[in-house]
Amino acid sequence: MVRDLQDKQDLLSRLKDKDWEAFKELIENYQDTVYRIAFGMTNDPMDAQDITQEVFLTIYRKIEDFEGRSSLSTWIYRIAVNTSIDLIRKRSTRKEEVSLEEYLPQFSEDERLSSPMVDWSRLPLKVLMNEESMEVIKESIRALSPDIRIAVVLKDIEGLSLREVAEILNLTVPAVKSRIHRGRLILRGWLADYFERLRPRLKDRKGSQ
Amino acid sequence: MSNCKKIIDVLCDYLEGHMGPDDRKALENHLEDCPSCDAFFESYQKISFMCRNLRPDRIPPELSRRLMDFLREKAEAEGRKDHLR
């Protein structure tokens, strides 16, 4: 632990000295996650590539400003998120917003669940995790608004803790939780819709066996 | 916490362990009695699991190489600039 901390501080001081080898080490350690954040946010390999490049250039130029108030990884992911958001904002005028309200659960007047319940969660894993289902979930993540999407990407795809996500997005933990919850509700509804449409096909397949 | 809406509103807190023991118990009792909420909860929980398995592996090697070359060039150019100052 002490050794680990010492290594980190050593890397940081070499980075501040603009030591190329230290920077190379940093790129090797963080390029996958930065790329995944950028790709998750934009869903476009070319954009993800430009963002990744921009993020490391920013890190190289601004490493002197890093004061260690957050961890180095949080600081790096925050740069990745902000760079992605800047690019999305520049393009958002071209994209039409899809209404996602229909995917949220519906309640009756006495607040009981009234939307028909498609219980797709008990489908066999090979159906849940096949290429087509994975493509559907990717498509639904793409449809989320950027502020909800980034919370879902960091928490549910990258597996960061709520506290880390809050720190990266500069939000409170309850605010992050509420975005993630809304995102999961929409994704759940989107998938329910897909599996409902898939049901006749699954029955046919079963019948033909 | 007897109606479905209240249950669904706190599913994220439940999964994160951000609930007191009494509320947890009330939620679990509701899930046992309400098949709709139970099915909803199961599918809600599966979302994180499916997202986690989406994890697109790694940066493409070609991009990694280009990234390294690009940054090395930039670093060298900026280093030279600093040196001349």
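Basis of the calculations
Residues numbered from 1 in each chain as written. Chains lettered and ligands numbered in written order. Predicted model: local features only at pLDDT ≥ 70, side-chain atom pairs only at ≥ 80, totals over all residues. Heavy atoms only, no water. Helix = DSSP H or I, 4+ residues; strand = E, 2+ residues; numbered from the N terminus. Buried < 20%, exposed > 50% of the residue type's maximum accessible area, 1.4 Å probe, protein only. Core = buried A, V, L, I, M, F, W, Y, C linked by side-chain atoms within 4.5 Å. Contact = heavy atoms within 4.5 Å. Phe/Tyr/Trp six-rings, centres within 6.5 Å; stacked < 30°, edge-to-face > 60°. Lys NZ or Arg CZ within 6 Å of the ring centre and 35° of its normal. Salt bridge = Lys/Arg side-chain N within 4 Å of Asp/Glu carboxyl O. pLDDT = per-residue confidence, 0-100.

### Brief notes about the environment of B:Ile7
Residues and elements named next belong to chain B. Tracing the sequence through the fold places Ile-7 in helix α1 (residues 4-9). Among the residues examined, Ile-7 registers a relative accessible area of 0% and is labelled buried. Between the C-alpha atoms of Ile-7 and Leu-27, which are 20 residues apart in sequence, the distance is 6.3 Å.

### A short note on the nonpolar core
Among the nonpolar cores identified, the biggest contains 93 residues, and A:Phe23, A:Phe56 and A:Ile59 are the most heavily contacted of them. Excluding its chain neighbours within four sequence positions, the residues that come into contact with A:Phe56 are A:Phe23, A:Leu26, A:Ile27, A:Tyr30, A:Gln31, A:Val34, B:Leu67 and B:Leu71.

### Observations concerning the packing of aromatic side chains
All names here are of chain A. Enumeration over the complete set of coordinates arrives at 9 aromatic pairs over all chains. Ring geometry for Phe-66 versus Trp-75: centroids 5.1 Å apart, planes at 50°, classification tilted. Considered together, Phe-66 and Trp-75 belong to a single accessibility category, that of buried residues. Members of the aromatic cluster, each reached through a chain of ring pairs, are Trp-20, Phe-23 and Tyr-60. Positioned above the aromatic ring of Tyr-60, the side-chain terminus of Lys-18 is 4.4 Å from the ring centre.

### Side note on the pattern of salt bridges
All told, the structure shown has 16 salt bridges over all chains when counted by the stated rule. Put simply, B:Asp9 and B:Lys5 hold a salt bridge, and the shortest N to O gap is 3.1 Å. Taken together, the residues B:Asp9 and B:Lys5, both in helix α1 and 4 residues apart, mark about one turn of the helix. Taking the relative accessible area as the measure of exposure, B:Asp9 reaches 38% and is therefore partly exposed. For B:Glu62, the salt bridge is made with B:Arg66, and the minimal N-O distance between the two is 3.3 Å. Residue B:Glu62 and its partner B:Arg66 are located together in helix α5 (residues 61-84), separated by 4 residues, close to a single helical turn. For B:Arg66, a relative accessible area of 39% gives the class partly exposed. Salt bridges sharing common partners tie together A:Asp10, A:Arg14, A:Asp19 and A:Glu25.

### Things to note about the confidence of the model for chain B
Residue and element names in this part refer to chain B. Model confidence for chain B is summarised by a mean pLDDT of 87, while 88% of its residues fall at 70 or above. Per-residue pLDDT, averaged within each element of chain B, yields its smallest value for α5 (81) and its largest for helix α3 (residues 21-33) (95). Interface predicted TM-score (ipTM) for the complex: 0.84; the corresponding pTM is 0.84.

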